[in-house]
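Here are the chains, one letter per residue:
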Amino acid sequence: MPAYVIGHLKDAAPHPDIAEYIERVTATFEPYGGRFLVHAAQHEVKEGGWPGHVVVIGFPGVAEARAWWDSPEYQEIAPLRHRNIEGDIILVEGVPEGYDAAGTAKAMREAMSAG
């Protein structure tokens, strides 16, 4: 199943470290099958608040995403971002092909009726 690294990065002033991070980051995730799905794109908030930027990197699976995150190549450049941009980053597994949310609702209803 695919996996995604999703970043919600708060606004930050331009900085040479950030430019270097952006220049180098793609080369760190490509060996793990990663690719940008969302980067440097405008977003439209439909509910709640979402200050900052959204970044989504897709991977073939969770193992590849974790291997990238833990890799010496990524860990070498991560401080360039950490020092200059506040944000939240999560790793989440995608759903399989043909996923139907109705099955989740059915399981929820069964659990509620059993309780």
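See above for the structure.
Remember, it's a predicted structure, so these values are computed and weren't measured experimentally.

Looking at the overall build of the protein
Inference 1: For the protein, the helix and strand inventory stands at 4 helices and 4 strands.
Inference 2: When the helices and strands of the protein are listed from N to C terminus, the series reads β-α-β-β-α-α-β-α.
Inference 3: At 17 Å, the protein has a C-alpha radius of gyration far larger than the 13 Å of a compact globule built from 115 residues.
Inference 4: Summarising its shape, the C-alpha atoms of the protein cover approximately 55 × 35 × 25 Å along the three principal directions.
Inference 5: A burial count over the protein gives 27% of its 115 residues as buried.

Let's talk about the environment of P16
Inference 1: Within the fold, P16 resides in helix α1 (residues 16–29).
Inference 2: For P16 and I77, which are 61 residues apart along the polypeptide, the C-alpha to C-alpha distance reads 13 Å.

Here's the deal with the pattern of salt bridges
Working definition: two side chains of opposite charge can pair if their charged atoms are close together.
Inference 1: Taken as a whole and judged by the stated rule, the model has 6 salt bridges.
Inference 2: Between K10 and D88 there is a salt bridge whose closest N-O contact spans 3.3 Å. A residue pair is termed long-range when its members are at least 10 positions apart, and K10 in the loop between β1 (3–9) and α1 and D88 in strand β4 (residues 87–93) qualify at 78 residues.
Inference 3: Ionic pairing is found between K106 and E110, a salt bridge with its closest N-O pair at 4.0 Å. Placement of both K106 and E110 in helix α4 (residues 101–114) is noted, with a separation of 4 residues, approximately one turn of the helix.
Inference 4: Connected via shared salt-bridge partners are E20, R24 and E76.

Description of the nonpolar core
Inference 1: Ranked by size, the top nonpolar core spans 18 residues in total, and within it V25, I57, F59, W68 and Y74 carry the most contacts.
Inference 2: When contributions to this core are tallied by element, the ones reaching two or more residues are β1, α1, β3 (53–59), α2 (62–70) and α3 (72–82).
Inference 3: Contact partners of I57, with chain neighbours within four places excluded, come to A3, Y4, V5, F29, G34, R35, F36, L37 and W68.

Thresholds, definitions, all that
- Residues numbered from 1 in each chain as written.
- Predicted model: local features only at pLDDT ≥ 70, side-chain atom pairs only at ≥ 80, totals over all residues.
- Heavy atoms only, no water.
- Helix = DSSP H or I, 4+ residues; strand = E, 2+ residues; numbered from the N terminus.
- Rg over C-alpha atoms; globule rule 2.2 N^0.38 Å.
- Buried < 20%, exposed > 50% of the residue type's maximum accessible area, 1.4 Å probe, protein only.
- Salt bridge = Lys/Arg side-chain N within 4 Å of Asp/Glu carboxyl O.
- Core = buried A, V, L, I, M, F, W, Y, C linked by side-chain atoms within 4.5 Å.
- Contact = heavy atoms within 4.5 Å.

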